[in-house]
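# Residue-level structural notes
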Amino acid sequence: MTQSWGPRPPATADGPEWRPALDLPAPARQRRWTVLLRWLLLIPQYVVLVVLGIAAFFATVAGWFAALVLGRLPDPIASFLGKYLAYETRIAAGSMLLVDRYPPFALTAPDHPVQIELRPTTLNRLAVLFRLILMIPAAIVANLAATGWFAVGWIFWITGIVLGRLPGPVFGATAAVARYRMRFGAYTSMLTPVYPKGLLGDRPAAGEEVRSATRPLVLDTAAKVLIWVFLVLGLITQIASRSTGDHDMNGLANTPQVVHPAGRS
């Protein structure tokens, strides 16, 4: 496992369809007081993440131009973007109640239980050129899944406070959303040429090595149903939000204008 961009392996290593991996520990008991204050405690992390996000944006733009020329990301840019993605994923895992351990204020955290693995690879220049267009379907799925999760996240928060842990299906569905968002981030940052996949988990393979609770991520029926619930709720939330916004705009447009008598000619 690695959070950064290691030595460049052969282009054919593990085939072209190798996807960025997320490693999470198995669901375990969490301290109830940290669950209660989880989102409040993570506010400083999000402040740092916003600042780093500005740097990551400019690094991504520079990497896009470089990838068009080189057919890959320059190693310094790839290393920074990989570390930023790992940092963002650690914060996301904490905020989604997947782990109890507080993430350090560091781009590199080899001892933290949340890890991602990225592997250097060549990029298709044509796919890089049209990356903003190609990423739209995955962006919609990632947005709907995350929006749907946060729509019912308060239920999971209460469950975590009462039980001191997340039930297995909730953990699995939440981990699937977190992993898909991580893979989407890797794709948009050109850290991988492989389109985001695996929202509904992985197919169990005979003899496959189990490296963590999410590698492979095998979901039961309840977890898969939860993911579909997230997507539907995300869609409903987006439609309701747009409808409310349109109603507010129409209300403003139809509001009678009051003219002060002194303003008449």
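Residues numbered from 1 in each chain as written. Predicted model: local features only at pLDDT ≥ 70, side-chain atom pairs only at ≥ 80, totals over all residues. Heavy atoms only, no water.

### Some details on a nonpolar patch on the surface
On the surface, a nonpolar cluster with roughly 910 Å² of combined accessible area is contributed by Trp-33, Leu-36, Leu-37, Leu-40, Leu-41, Ile-43, Val-47, Val-48, Tyr-102 and Phe-105. When contributions to the nonpolar patch are tallied by element, the ones reaching two or more residues are helix 1 (32-36), helix 2 (38-41) and helix 3 (43-70). Among the elements that take part in the nonpolar patch, helix 3 stands out by supplying three residues, more than any other. Take Leu-40: it is sitting in helix 2. (Patch = residues over 30% accessible without salt bridge, like charges linked within 9 Å, V, L, I, M, F, W, Y side chains within 5 Å. Areas by Shrake-Rupley, 256 points an atom, 1.4 Å probe, with all protein chains shown as cover. Salt bridge = Lys/Arg side-chain N within 4 Å of Asp/Glu carboxyl O. Helix = DSSP H or I, 4+ residues; strand = E, 2+ residues; numbered from the N terminus.)

### Describing the nonpolar core
Ranked by size, the top nonpolar core spans 58 residues in total, and within it Leu-24, Leu-73, Leu-98, Phe-156, Leu-191 and Phe-230 carry the most contacts. The dominant element in this core, judged by the number of residues it contributes, is helix 8 (residues 168-188), at twelve residues. Leave out the neighbours within four places in its chain, and Leu-24 touches Ala-93, Leu-98, Val-99, Pro-113, Val-114, Phe-171, Ala-175, Ser-212, Ala-213 and Thr-214. (Core = buried A, V, L, I, M, F, W, Y, C linked by side-chain atoms within 4.5 Å. Buried < 20%, exposed > 50% of the residue type's maximum accessible area, 1.4 Å probe, protein only. Contact = heavy atoms within 4.5 Å.)

### Details of unusual backbone geometry
In this structure, the amide linkage connecting Arg-215 to the following residue, Pro-216, adopts the cis form with an omega of 5°. Position of Pro-216 among the secondary structure elements: in the loop between helix 8 and helix 9 (221-253). If you check the backbone angles, Met-190 has positive phi at about 65° while not being a glycine. In this structure, Met-190 sits in the loop between helix 8 and helix 9. On the basis of relative accessibility, which here comes to 3%, the residue Met-190 falls in the buried class.

### Observations regarding the confidence of the model for the protein chain
Looking at the protein chain as a whole, its pLDDT mean stands at 88, while 86% of the residues score no less than 70. Model confidence for the protein chain, summarised as mean pLDDT per element, is weakest for helix 9 at 83 and strongest for helix 8 at 98. Across residues 1-15 the pLDDT falls below 50, and counting only partners more than four positions away or on other chains, this stretch makes 39 contacts in the model. Below a pLDDT of 50 lies the segment residues 255-265, which in the model reaches one contact outside its immediate sequence neighbourhood of four places, other chains included. (pLDDT = per-residue confidence, 0-100.)

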